[in-house]
Amino acid sequence: MPLLKLEAVEKSFAGVRALRPIQLELAAGEVLGLIGENGAGKSTLIKVLSGVLAPDAGVITWEGRPARFQTPHEALAAGIATIHQELACCGSLSVAENLLLGEPWPRRAWGGVAWGRLEAEAARQLAHFGLDIAPSRFFHELSAAQKQEVAIARALSRQARLLILDEPSASLSEPEVRRLFEHLERLRAAGVAILYVSHRLDEIVKLTDRVAVLRDGELVAVYPTREADVKRMVRDMVGRPLDQVYPHTRPARADSRSLELERVGRAGMFEEVSFAVHSGEIVGLAGLVGAGRSELARAIFGLYPVDRGQMRLFGRPWTPRDPRQALNAGLVYVPEERKRQGLVLEHSVGESISIGFSDLLARWGLIPAGAETARVQRALETFAIRATGPDQTVGTLSGGNQQKALLARWLDREPRVIVLDEPTRGVDVGAKAEIHALIDRLAGQGKAVLMVSSELPEVLGMSDRVLVMRGGSVSAELRGPAMTQENVILAASGLYTGEGGSPSSC
Amino acid sequence: MLTRLSPYLRQRLAFLVAGNVVLLVAIALLLKQGASFSDVLERCGPDVAPTVLAGLGMTGVIFTGAIDISIASIIVVAGTVFGILVQRGGSPAACYAACVLVTWLLSMVNGWLVRGLRVPAIIITLAGLTFYRGLALVIADMAIPSFTGNISVPDEAFHGPGKVYGGWILVAVLAGALAWEAFARVPRRWLALGSSEEACRLAGLNPGRILQSAFCASGLFLGLAGLIFVTRVQAIEPARMALGFELQVIGAVVLGGTNIFGGEGCFAGTVLGALFLYFTAQVLVYAGVNPYFQEAVTGALIIGVIGLDCALHRRRKLLEELA
């Protein structure tokens, strides 16, 4: 009898299917790897299993009985422990208090907490798990690996029989990952089932018994790990051929360098990043979430300073202190989360656009209304923004039109370098094509475009070159025939060995 | 107990102890002929008691990540009820009990509203700040014929807690509170809630109940603070009584190293913070600084300290958010 069984489990958000009917079994003592691209539905599946989300349909059978977990705590009490990427722990409390939060604490005869015995109990649990961490230490003082170990120890002290780990190695160094694996091996031997979610395929191969591949919310393949190789996993993850047609009207040219980075680094974000973007060129920046792409893009725009290395803009040293300086220098940035970082949703479309150039029109602090309206009108037409007029509230536009408004805001400044962060996230197919055409046209006008994108077809289809980031540095530069989805995924997992595997500073 | 304080908090405590010693030395040096230092210390107890006691309660609420800025208005309601009962011929014990009970109940109501409406505590209690003071005026106007703005309590029998026992109440409650903090689990849960609500929920704890217990304890401390506050004055004036008291209390809490966003802090810091503010005011008095200026300096000190604390935390938060 399997420990856990999913039958036709599905989940939708606002009509979008995040999980198509899923069938999956997991036995005690088995390690199942769960892989898939960003947005394939891995997180949703974990949330359904751990009681964060309720499935729309289907049956989850846990230890032979149908289970419906309403809260994470119910799932935990039933024996399903989840270690999320973001650990939920109390930083200002001690390790012992974190381990035993919610459990009864040992008391003295007169009712006071027996701190000594509390810490002894915690030490016993830590030792049982082979951990050498003083229980009196503050949780926030621990290293990322120690925090994770404490979180795992806490989960297992509650007799968890299924341990779900979501990208546990994302913030760990190599020796720390090895230690984690040793722990997991011991748990497997003790009969604990493990669901291991990771982007790092090398880890999946090393650790798991079986692999389940999610793609677009669908469980496309489940097979024993030893029957599969990395190539097959990648193929299953990617699945779709590059069928969409991307515009490429601009002439191939190797003009002057617009933006150059030389061994640029910022502590904890990115290291040793070197590349150049030429005018008239689109350079894609691919990689996993958290690889440092957005951070790099924001540093180029001046949102935070760079610790090491040098940047150059049109041949001159570029050390922006704030975004204003970047705008004046002809560099614009379109942020990743347009709703949080890009737009004031309550503003009108006209205001949202004119905020980008009104300072150019202003005379003694006043903005001539006629000139502003004319410019906004022109932007609405140029960018084919479908709004009832400049007065419509921007929050009521579709995602694609919001994104176009955001682009329109800056492009009227005639920028020469454009940094885009996920330009088509959450945008429908039609608007996507329009935005792609727009980006292509901009490059055709000789602007240098750096595009961060997690969508592989987009980044491959649009770019002249693709840089892949992994763990804060550029792990590969792909060009020409090497620009394939497989290579991007391999490079993002640190497994790419092909031509040009080392970043060249072209 | 000290081992459960972070190095940052221990440093803040040491800094406050040193600061208070410096201020006391300054007071001693500034004392005029005929004034004795022991008088200063004797007066200090009852003077500082309301701020310290209310501060202990506020510390617990801020531990959880909430705040209560309506405490001054709550004291005003309690004081008004107290005054009315005195005028109606209530016994001192009954009047004192009513004062404490009203304070506790209104604190509990704040907790219930924050939980029930799921509105941030600062908004709920901002409304309470004006609502309760208005409520006090309405009650006074209804209960007292020809109410002219203040309720006088001339009988010295009704001034025991404020004028006679204030210092002793303070010492006793303080000792109890510090011991309780050192050996009880509840304050640790408040800190846990302020540190990570998610972690509490995952551990099977009920965040709402933890929050409520903080408001409950705060109500008890505030009840005693209010009792001392109310029984120190000859006339209770609902419209003007305890104006700005909440700022002074929050100032003491934050000065004491408690994180205004919750999750970190200690009672001892609040006590030292309250003393620091009090001695600062005393130094200004003994130095003969213009009274108008004194208010301004005290206000500037509070704003300066809270502003600094927020700026430091905001910087950290901002960096986390951008990362």
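Chemist: Would you explain the overall build of chain B in this entry?
Modeler: Looking only at helices and strands, chain B features 13 helices and two strands. In terms of C-alpha radius of gyration, chain B reaches 20 Å, essentially the compact-globule figure of 20 Å for 323 residues. Looking at chain B residue by residue over its 323 residues, the buried ones come to 45%. When contacts within chain B are restricted to residue pairs at least 6 apart in sequence, those whose partners lie at least 24 apart make up 80%.

Chemist: Explain the overall build of chain A to me, please; I cannot follow it from the model alone.
Modeler: Assigned secondary structure in chain A consists of 18 helices and 20 strands. The C-alpha radius of gyration of chain A comes to 26 Å, within 12% of the 23 Å expected for a compact globule of 506 residues. Once the C-alpha set of chain A is aligned to its principal axes, its extents read approximately 80 × 55 × 45 Å. The buried share among the 506 residues of chain A stands at 47%. Counted over contacts in chain A with a minimum sequence separation of 6, partners at least 24 positions apart contribute 67%.

Chemist: Would you take a moment to explain the packing of helix α2 (residues 37-63) of chain B against helix α11 (residues 245-255) of chain B for this structure?
Modeler: The axes of two packed helices give the description: the angle between them and the distance between them. Residue and element names in this part refer to chain B. At their nearest, the axes of α2 and α11 sit 9 Å apart, and the two run at 65° to each other. On the basis of the axis angle, α2 is roughly perpendicular to α11. Seen from above, α2 lies across α11 with right-handed handedness. Facing T51, A54, G55, M58, T59 and I62 of α2, the residues of α11 in contact are Q248, V249, I250, A252 and V253. Looking at the contact of α2 with α11 residue by residue, the class counts come to seven nonpolar, four polar and no charged.

Chemist: Help me understand the domain arrangement of chain A, please; the structure alone is not making it clear to me.
Modeler: Interface extent is often summarised as the accessible area lost during association of the parts. All names here are of chain A. For chain A, the assigned domains read domain 1 (4-79 + 160-238), domain 2 (93-158) and domain 3 (278-492). Placing the centre of domain 1 and that of domain 2 at their C-alpha centroids yields a distance of 27 Å. Across the boundary between the two partners, domain 1 contributes nine residues, which contact eight residues of domain 2. Looking at the side of domain 1 that touches domain 2 element by element, the count peaks at three residues for helix α6 (residues 174-189).

Chemist: What's the story with helix α3 (residues 71-87) of chain B in this structure? I'm lost.
Modeler: Because each turn of an α-helix spans 3.6 residues, side chains separated by three or four positions in sequence point in the same direction. All names here are of chain B. Between the first and last C-alpha of α3 there are 24 Å, a value that for 17 residues agrees with the 24 Å anticipated at 1.5 Å per step. In terms of burial, α3 is a largely internal element, 16 of the 17 residues being buried. One or two residues past the end of α3 sits G89, with phi positive at roughly 90°.

Chemist: I'm lost on the sheet that holds strand β9 (residues 210-215) of chain A in this one. Help?
Modeler: Pairing between sheet strands relies on hydrogen bonds along the backbone, with the strands arranged either parallel or antiparallel. Residue and element names in this part refer to chain A. One open sheet holds the six strands; their spatial order is β6-β7-β8-β3-β9-β10, and the pairing between them is mixed. Looking at strand neighbours, the two that pair on one side only are β6 (80-83) and β10 (218-224), the edges of this open sheet. Between one strand axis and the next, the sheet turns through 15° on average, direction left out of account. Looking at chain direction, β9 and β10 are connected through six bridges and run antiparallel. What sits directly across from R215, in β10, is E218. Along the sheet, helix α5 (residues 144-157) contacts β6 and β7 (162-166); its crossing angle with β6, the most-contacted strand, is approximately 170°. Lying on the sheet, α6 is in contact with β3 (31-35), β7 and β8 (193-197); it crosses β8 at an angle near 145°.

Conventions adopted
Residues numbered from 1 in each chain as written. Chains lettered and ligands numbered in written order. Predicted model: local features only at pLDDT ≥ 70, side-chain atom pairs only at ≥ 80, totals over all residues. Helix = DSSP H or I, 4+ residues; strand = E, 2+ residues; numbered from the N terminus. Rg over C-alpha atoms; globule rule 2.2 N^0.38 Å. Buried ≥ 20, exposed ≤ 12 C-beta atoms within 10 Å, placed from the backbone. Contact = placed C-beta atoms within 7 Å. Axes fitted to C-alpha atoms, helices over the stretch in contact; angles between N-to-C directions. Parallel < 35°, antiparallel > 145°, perpendicular 65-115°, else oblique. Left-handed = near helix turned anticlockwise from the far one by under 90°. Nonpolar A, V, L, I, M, F, W, Y, C, P; charged D, E, K, R; others polar. Domains from an automatic or database assignment. Expected span 1.5 Å × (residues − 1). Pairing = 2+ DSSP bridges.

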